[in-house]
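# Observations on the three-dimensional arrangement
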Amino acid sequence: MRKVTAGLFYSVDGVAEAPDQFQFDSFDDELGAMLGSVMGEVDTVLMGRKGWQEWAGYWPNAEQDMDFAGFINAMPKHVASRTLKQGDLAIWQNSSLIGGDVEDFVHELKAQDGGTIAVMGGMSLVRQLLLAGLLDELTLIIHPVVAGKGRRLFEDGTPTTRLELKSHQVTSKGNVVLIYGKKAA
């Protein structure tokens, strides 16, 4: 069974939106090595509509961060959306629309042969898959900064969900990397 993972850059106050607005100089070589290792395991990406639209406006023509650009542009990207049509996805290579129920799609994808499936660019999709028991690992990369504003992964009203810490690391610039799995009942 394939593993489904998600990783989010986080501020100390829980903001996960637009990390480029709060990461500043906290990204370090240890994070780069860790993310490179993760990218080496991934062969499929799941994305939410908003994240896909934002990323599709940048990554296909990116002129910096070429390691990630090469990775994400070549990667098969499955997009969860109720409003986009398959034709809308033609602007970014290897993008396809998830037809039908997202949770059923992910369950079927997990049962196929292949590497790790990464959820990227979609906080609501990460939340949905975690609560549905389909997300095997949630990595929070907490930067030593208070963002002060922005969207958070978990909103008021999210049901209480028990997690289990699988590993942790503190980098030289004070980033805390926490990897959680959903705690078995």
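Our structure is the block above this text.
If you're wondering where the values come from, they're calculated on a predicted model, not measured in any experiment.

This paragraph deals with the nonpolar core. Side chains that are nonpolar tend, in soluble globular proteins, to be buried together. By size, the foremost hydrophobic cluster in this structure holds 26 residues, and its most contacted members are Leu46, Val106, Val119, Leu129, Leu135 and Leu138. Mapped by element, the contributors of at least two residues to this core are strand 1 (4–10), helix 4 (102–111), strand 5 (116–120), helix 5 (123–131) and strand 6 (137–142). Of the residues forming this core, the biggest block, five residues, is contributed by helix 5. With near-sequence residues (within four places) excluded, Leu129 lies in contact with Leu46, Val102, Val106, Val119, Leu134 and Leu135. Judged by nonpolar contacts, the second largest core, of 18 residues, contains Val42, Trp52, Trp59 and Ala62.

With that out of the way, let us pick up the sheet that holds strand 4 (residues 95–97). With mixed pairing, the eight strands of this open sheet are ordered in space as 4-3-2-5-1-6-8-7. Both edges of this open sheet fall to strand 4 and strand 7 (163–170), since each of them pairs with a single strand only. Averaged over all pairs of adjacent strands, the angle between their axes in this sheet comes to 25 degrees, without regard to strand direction. Looking at chain direction, strand 2 (residues 42–48) and strand 5 are connected through five bridges and run parallel. Within strand 5, the position partnered with Met47 by the bridge is Met120. In the packing of helix 1 (residues 29–41) onto the sheet, contacts are made with strand 1, strand 2, strand 5, strand 6, strand 7 and strand 8 (176–182), and the angle to strand 2 comes to roughly 100 degrees. The strands touched by helix 3 (residues 66–74) within the sheet are strand 2, strand 3 (77–80) and strand 5, with strand 5 carrying the most contacts at an inclination of about 105 degrees.

Let's shift gears to the pattern of salt bridges. One pass over the structure, following the stated rule, counts six salt bridges. In this structure, Asp136 and Lys110 form a salt bridge, with 3.0 Å as the shortest nitrogen-oxygen distance. Within this pair, whereas Asp136 is found in the loop between helix 5 and strand 6, its partner Lys110 is found in helix 4, the two being separated by 26 residues in sequence. With a relative accessible area of 26%, Asp136 lands in the partly exposed category. Put simply, Lys3, Glu137 and Lys166 are held in one network by salt bridges that share partners.

Thresholds, definitions, all that
- Residues numbered from 1 in each chain as written.
- Predicted model: local features only at pLDDT ≥ 70, side-chain atom pairs only at ≥ 80, totals over all residues.
- Heavy atoms only, no water.
- Core = buried A, V, L, I, M, F, W, Y, C linked by side-chain atoms within 4.5 Å.
- Buried < 20%, exposed > 50% of the residue type's maximum accessible area, 1.4 Å probe, protein only.
- Helix = DSSP H or I, 4+ residues; strand = E, 2+ residues; numbered from the N terminus.
- Contact = heavy atoms within 4.5 Å.
- Pairing = 2+ DSSP bridges.
- Axes fitted to C-alpha atoms, helices over the stretch in contact; angles between N-to-C directions.
- Salt bridge = Lys/Arg side-chain N within 4 Å of Asp/Glu carboxyl O.

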